[in-house]
Amino acid sequence: MRLAIPVKTNKENPAVAPLFGKAKYFAIVEDGKVEILKNEQSGGQAVIKWLYDLGVDTILMEQLGANPYEAIKSLDMDLFHTGFDRILLDDLLVKFDNDQLELIDDTNIDKIIQHHEKKHPAHDHDHDHHHN
């Protein structure tokens, strides 16, 4: 299993980034080894393709839109929700290993997309968000 998690920095044990497609970095985790790669893609669907090309089969995320979700589904990747609270990568991996994350599918994706759209309406997606 090869996991991808959007993270805020390339430092050790970074915080998970809330926005999937706009994350600056992704932690790629396989067999307990963590590698953090810079995200040079633009938008969720491009990120999915990049991760798929890296051999990722499982994604852990807080928020994403409908289009990236459809891309994940079409590539038969597994998607897990990190929850909406701030969490560090190491803590998230412990939760994942203990089966404490919710598997996302057609029965529960709507709450994730609604949360995402409420915080980041579609018309804002073309603008860079600057959070302090």
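Here is what the cut-offs are and how they apply
- Residues numbered from 1 in each chain as written.
- Predicted model: local features only at pLDDT ≥ 70, side-chain atom pairs only at ≥ 80, totals over all residues.
- Heavy atoms only, no water.
- Phe/Tyr/Trp six-rings, centres within 6.5 Å; stacked < 30°, edge-to-face > 60°.
- Buried < 20%, exposed > 50% of the residue type's maximum accessible area, 1.4 Å probe, protein only.
- Helix = DSSP H or I, 4+ residues; strand = E, 2+ residues; numbered from the N terminus.
- Arc of directions from axis to C-beta.
- Core = buried A, V, L, I, M, F, W, Y, C linked by side-chain atoms within 4.5 Å.
- Contact = heavy atoms within 4.5 Å.

Asker: Help me understand the packing of aromatic side chains in this model?
Answerer: Where two aromatic rings form a pair, the distance of their centres and the angle of their planes describe that pair. Under the criterion given, the structure shown has 3 aromatic pairs. Geometrically, the ring pair formed by Phe20 and Phe26 is edge-to-face, given 5.4 Å between the ring centres and 80° between the ring planes. For the pair Phe20 and Phe26, a shared accessibility class is recorded, and that class is buried. Geometrically, the ring pair formed by Phe26 and Trp50 is edge-to-face, given 5.9 Å between the ring centres and 80° between the ring planes.

Asker: Explanation requested: helix α2 (residues 66–74) in the structure shown.
Answerer: Because an α-helix packs 3.6 residues into every turn, residues spaced three or four apart end up facing the same way. All of the buried residues in α2 are Pro68, Tyr69, Ala71 and Ile72. Summarising the axial view, the buried residues of α2 lie within an arc of 160°, below the 170-degree limit, and thus occupy one face. Where α2 ends, the next residue or the one after it, Asp76, has phi of about 60°, a positive value.

Asker: I tried to follow the nonpolar core on my own but got confused; where do I start?
Answerer: In a soluble, globular protein the nonpolar side chains are often hidden away together inside. Grouped together as the largest cluster of nonpolar side chains are 24 residues, with contacts concentrated most on Phe20, Phe26, Leu51, Ile59, Met61, Leu64 and Leu79. Going through the elements one at a time, β2 (25–30), α1 (44–53), β4 (58–61), α2 and α4 (109–119) are the ones with two or more residues in this core. Broken down by element, this core gets its largest block of residues, 4 residues, from α1. Not counting residues within four places of it along the chain, the set of residues in contact with Met61 comprises Pro6, Phe20, Leu79, Phe80, His81, Thr82, Ile104 and Ile112. Counting 15 residues, the second-largest nonpolar core is a separate cluster that includes Val7, Val16, Leu92 and Leu93.

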